[in-house]
Structure formats: C-alpha cells, structure tokens
Amino acid sequence: VVVAYYTCECPPGLMGNGKPCPKYNTQQQQQQQPKVKYDGKTPTESTKRLLDAGLLCGCTKPTVDPCDGYHDCPSKEMCVADSYNRPSCQCKPGHVRDEVYGCVDEHPPGLTLRYSSNPDSKFDTGRGIEYLTQGDRYEEYGVDVIDDNAEEYLRSLKITYSRPLPQGCLLDMGEFYVNYTVATPWTSPEFVRAKRTVVIQNVNECKVRMNDGNIGSQCPELVSMCDVDAGAACLDEIGTYTCQCPEGTEGDGFLPIPRLRPDGKGGFVGTMIPKAYNGGTGCRDTSRPVIELMGPNPKVFRVAKTSGLKGVVKGANDNADANTRVDAILAEQRTTYEKDIKYMIVATSGAELCATSTRPNVRPMDCIRAKDHTYKGVVDLTARVSVGEPIHDGAPLRWKVPYNVMDDAGNKAKTVWRSIIVEEVGLDQFESSNEATMLTNRREEVDEAVREALEKERKRVAATSNNKRACPPCAPCDCKGKKDCGGMSVSECNSFCDKKLAAASASSSDASCPPNYLERSTSYDRTELNHKIIQDLVAYLEGLIGPSTLMLLLVGCFVAVMVYSLQRIVRALFFSSGPYVRTYYADEEREKMMMQNVSYYRSPTAATNRSTTTSTPSSSASRPPTASLSSQRNGIFSPQQNGTNVNNTTQQQQAEQYVSPFRSNDGTDNAIYQSVSPITPRRSDGNQTQPSSQGYNLRSNR
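These figures come from a predicted structure and were not determined experimentally.

Scanning the protein from terminus to terminus reveals 14 helices and 29 strands. Of the contacts formed within the protein by residues at least 6 apart in sequence, a portion of 59% connects residues at least 24 apart. Total accessible area computed for the protein in this model is approximately 47,600 Å², and 53% of it derives from carbon and sulfur atoms.

The strand order across the open sheet formed by five strands is S8-S9-S13-S12-S11, and the pairing between neighbours is mixed. Strands with a single pairing partner mark the edges of an open sheet, and in this sheet they are strand S8 (122–124) and strand S11 (158–161). With strand direction ignored, the average angle separating the axes of adjacent strands in the sheet is 20°.

Bridge count between strand S14 (residues 233–237) and strand S15 (residues 240–244): five bridges; the pairing is antiparallel. Across the sheet, Leu-235 pairs through a bridge with Thr-242, a residue of S15. Count of turn residues in the S14/S15 antiparallel hairpin: two residues, of which Gly-239 carries a positive phi of about 85°.

It is worth spelling out the pairing of strand S22 (residues 368–374) at this point. Pairing of strand S20 (residues 290–293) with S22, which is carried by four bridges, proceeds in the antiparallel orientation. Of the residues in S22, the one forming a bridge with Leu-293 is Ile-368. Here S22 pairs with strand S23 (residues 377–380) via four bridges, running antiparallel. The residue of S23 that forms the bridge with Lys-371 is Asp-380. With antiparallel pairing between neighbouring strands as the criterion, S22 and S23 make up a hairpin whose turn holds two residues.

Right, let's talk about the state of the cysteines for a bit. The final tally for this structure, using the stated rule, is nine disulfides. Paired by a disulfide, Cys-226 and Cys-243 hold their sulfur atoms 1.8 Å apart. For the disulfide bridge between Cys-226 and Cys-243, the dihedral angle about the S-S bond is near -85°, and by the sign convention the bridge is left-handed. In this pair, Cys-226 sits in the loop between helix H4 (215–218) and S14 while Cys-243 sits in strand S15, placing the two residues 17 residues apart along the sequence. One exposure class covers both Cys-226 and Cys-243, and it is buried. Distance from the sulfur of Cys-8, which forms no disulfide, to the nearest cysteine sulfur (Cys-59) is 8.3 Å.

For the structure shown, the criterion picks out 17 salt bridges. The salt bridge partner of Glu-45 is Lys-37, with a shortest N-O separation of 3.9 Å. With a relative accessible area of 46%, Glu-45 lands in the partly exposed category.

As a general rule, the predicted coordinates of low-pLDDT regions are not to be interpreted in detail. Averaged over the protein, the pLDDT score is 75; the fraction of residues at 70 or greater is 69%. Segment residues 468–472 is flagged for pLDDT under 50; beyond a separation of four residues in sequence, or across chains, it makes 13 contacts in the model. Per-residue pLDDT stays below 50 along residues 507–519; that stretch engages in 10 contacts with residues further than four places along the chain or on separate chains.

Core analysis: the biggest nonpolar cluster contains 20 residues, and Ile-291, Tyr-403, Val-405, Ile-420 and Val-422 have the highest contact counts within it. Counting residues in hydrophobic clusters, the runner-up holds 17 residues, among them Leu-113, Ala-150, Leu-170 and Val-178.

Cut-offs applied
- Residues numbered from 1 in each chain as written.
- Predicted model: local features only at pLDDT ≥ 70, side-chain atom pairs only at ≥ 80, totals over all residues.
- Heavy atoms only, no water.
- Helix = DSSP H or I, 4+ residues; strand = E, 2+ residues; numbered from the N terminus.
- Contact = heavy atoms within 4.5 Å.
- Areas by Shrake-Rupley, 256 points an atom, 1.4 Å probe, with all protein chains shown as cover.
- Pairing = 2+ DSSP bridges.
- Axes fitted to C-alpha atoms, helices over the stretch in contact; angles between N-to-C directions.
- Disulfide = S-S within 2.5 Å.
- Buried < 20%, exposed > 50% of the residue type's maximum accessible area, 1.4 Å probe, protein only.
- Salt bridge = Lys/Arg side-chain N within 4 Å of Asp/Glu carboxyl O.
- pLDDT = per-residue confidence, 0-100.
- Core = buried A, V, L, I, M, F, W, Y, C linked by side-chain atoms within 4.5 Å.

Here it is, written out as structure tokens:
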C-alpha cells in the first residue's frame, strides 16, 4: 500500500497554513489576522506563535505593525504611527514635550509625609511636626509620592537633614528639619519639597534610672548622677538637670561622671554635661556640731578656809606668828586644788562637774549635750564629747575646762568652757553658804524641767498644727420617696443624689468644703492663733522672769482668784443682810436720779375731791402724798385690786383719821404743796401721762 503525503503552502507574500478556513469560524479568522514587523517581512511575535500552532487558516496577506521592530523610544515617550502608518516617538499621555528636557510630566508630583503607626507617637500632620523626647531614637519613615510616575520620582528623591543626627539616642533638646526633594527642572521652582519638623522635648532626668529597661538602659547619659547618699537633690531643668546639696553642706552635688573630661580651661568636654557640674565633688558636710552645757556653770567647790584660832576680845587676833603660819598653810592648801580637780574629772569622766547636792548621782552624759544638724536630721554626738584638763582662768582660784567634739565629716564644734570656782568660806559662813547653794541648784533644776516640758509641748503643737485638715464628707442628699424635691422630679432628684454620692466616694478629700465647715475651720484657725499668742506671751514672760518665777506667779494668781470667789460665795450665803438701800441727799443730780425711780401715790385730798362721796376740806383731814422706794399698793401707777376705785372707803377712813401737821387756817395742806412744782409722772412703758385736771402736787420725802 502506498501512502501519499502532501502539504499546503501559501504563495509568497501571503501567510497561513494553506487550508481552507471553516465557514462557521469567520470571527476567529478575523481575530487571527497575520501581522509583520516594521521591515514588512518578519512576522510579529504573536503571528509567529499562531503560525507555529497552525491556527492561521487559508492564505492571508499580512498587515504591517510599524512600531513592532521600531527602535526604542525614551522613557517618557512611546511609538505612535501616523495616518500614513509611519512610526515615530511621541510623549506618553500626561506628558508634554519641553524643548530642553523633552517629554516631561504635565502635573508636578505631590509629596505626603509618612508617620509612625505606634499609638504612643505624637505628631501634628497638619503642620508636619513630629514630637520626640530626649532619649528617643529618630526613625526615617520617608514620604509618599502622589503621581502616576511615582516610582520614577522615588528614584530621584533626595533626603537632607538640618543637622547631623547622632547614632543612637537624641540627647540634646531642640528641633531639626528633614527635607524631602524631588527635582522638576522644567517647573518654577525647579523642585517639589516636603518638610518634616522634629521637635525634641525635655525629659526629666531625675526620674530616669539606670537599667530601667527603657531610657536608662539605652541612654545612660540621661541618668542623673547626683550624690543622693550625701543628701543631694536632683532638680530638673530645661534640657538638662542639676544637683543641689542640702543645707549645711557644700559641693556641686554630683558624683564623678567618667565620660566627661576636663578641658584645661575650667570646663569639661563630652556629651550631655549637666548644669553646674564641677568634677563631681558631691556634698560635704560643713555643719559644725553644737555643744550645750548642762548643770551648773560655773561649778563652785566650797572649802573651809584655814584661819587658825580666832578670839573674840579685841586684840586677841593680832598674833603675827599665828597669822604667818595660817598664810603658809593656806598657800599649801591652794596648791592642791588643781590636782584635786583633775583627779575628779578623770575619776568621774567629768560627771563631778555637773553634780549638785540635789543631784549627786549623775552620768558624764548628763553634763553635756552635743548635736549635729545634718540633712538626715539631728545626730546626737554626746557620747563623743571629750573633756579637757582645767586651765587657769587668770583670776586666783578660777579654772575653766574645755569640751570638744568632732562629727564624721571632720567638723569640729566650737569649744565650750565650763568655769570652776573654788570658794574658801569661813566656818561661820559655811552652813549658810551651803543652804543657799542647795536652793540655787533646786531652782535651776525646776527651770530646766519646765524648759524641757515647754519644748516638748511646742513640738507637739507644731506637729499637730502642720496636719492638714480634710473636709468632712458631704451629707448624703435624701430625696427618695419624697414628693417635693425642690422643683425637680423624683427621678431627677434620685439621679442627682446618686451622682453626688458617687463623686463623694470616688475622691478621698473634697477640694471644696461646705460653708459651715469653712466657718468651723476659720473659727478653729482663729482659736489656734489665740493659743499661739498666749504661748508666745508665756514664752516671753518665761525668758523675762524665769520659768520657776512664772510658775509661782501663775499659781499665785489662780489661788487669789479662788480665794476671792470663795469669799464672795461665803459672804452671799451666810452674811447677807438683804437689799441695801441708800438715800442720797448730797446734790441735786442724785436727787433727780432718785426721783426717776420713785413710785408716786395720789394725794388723799385730791382723791377725796374726785370720789363719789363728797366731803369738804374742813370736815376731813387729808394725808400728804409720799414718795418711796417701797412696794406700797394703790398708787397712781399701782394696779387696782378687785376692781375697786383708788379712792375707796378704806382710804377715805384713813384720810379722816389722819391730821396733817401742816394744815393751814383754812383747813388745807396747800402750803407745803406749793413749795414743790407739779411733776408729770412717766410710766415704765415710756408713755407720758398728761396731768390731771384735779392737779396732783407731788414731792419726795426729805
């Protein structure tokens, strides 16, 4: 069997597999139109793949793609065929041709700053500010280029800094700038720039600790180097810090900082030099201890003075030989005084110098008190005090003993001297002198005890007055269950109460006190001020007359007041003689005062004339009016009894029985009445009584 093979080939100038194309696939045949490159012969890459796959049916004349196979255009240009199908390089869309720079971007790019995504970061995107703190590290986040050709612009992006950045922590406070620039020489200006402002804020170096896992671990330069053990206090300042020594010390307050070296000009070189750093001299204690003598000063030793035999008769003591022997014995006796004083000081460690007849059992520490005021408080140096040997004070039989002490810093206290006097007393004066000494010692002990008690009381009052008084908690409002709550509804009132109670429980002390508490606080402050005035007055009197005298004065005043009060009570209970009435006749002024307090009574004659029972003056004798401080009834200002009239039958009978010694010939008493002008009486309620038409003639008893 012979098998024949054949192939189909297209004539020159045509492309295809030579086989007829199916009629049902006309659209696919149109899409598979063969194309050749710019030279008109070489098929394009897509056409070549179709030919190799046998997908181009028939024989078709290829079309020419002028840009396929054309030379490469510049980066911002592309190949474009004209109406005659001639290729050329033209600017890409969004670009325009510049005579100098060729195709350039029609719109300059936009630059947007990038920021950290850390929520703790602080920045102001509106002004392009980024906030950092001393000890932070600067990280470059760059910019975003807003343009279609962003990648091309990023390749030409230039980043510059206003100052060199340190490798590591930012130590210096201030600010610097970061400029992001993209060149656009065809524009004016010839660049596009974005600016980032970095602000470095102050850090409190006093709170930075070494190896704290944060700033202290990464930036040891920011750790404060104050001599805390010597009492130095760290003070934060803008951009740096300084160390301050406590009172009573001197130095720069710093520990030596190894990274800082002297520059030979009195300064130092290195990074982060603290303010007032002077080599790290620390704080040296310069406060001198203070020594206070306790007990008697001067210390007096009394000895019996050698005098020999003393006679009573005149001339019995004129023995020259006896006097010479006495002087020799006395001189020999005086040579032993200093030795004896030294021995007593050594044997008792100085305790004998403060011992008295009332306090014979004392310790050496009872004679002296030494204190050193340091930043840690008062240090007791009494046990370190040394007692020196007695030294002659210049005068005979007088010595002085020095006391010295030194603290841990080598500061010596000012030497304190105790005077010693040896008194040579005759036998006749020895007993009285000892009694006077005992009284003096007792008075000094009382003064010392009172002084110590007052000092303790002052400290207690000072400690109490320094305590802050917190406002008492507000009284809870109670509106629940009430119908009327000050204009609020019940629900509004309950809500207000709940908020108030919640606020009161949330804060331990309210910043604003209620008015009544402020009044109590003001009253308390006023009382405390009064107490302070009284305390200062007592302290002044104490310094003026002495504690013991002041105590006796206060006790005496108290006893005098109690005796006077008791005397008044006893006199009122057992010796009272009733109300004491005194009538003054001395002058007219006292008489007027008496008449303003008298009780006035009706004239019997006038009363008789006004009574319903008629009587003539000749038939009845009238009683003259009287003025008295007694409580007689039925006067013109006395209340009526049982509804009867003032001129009742009893008065009429008394008037008839009474015969006036001042009656005139016509049977009336007008003669005596005319000697005193009528007086208009006044009631106790202040209303003036009009004079009666009958005319009352009133007078006081004389």
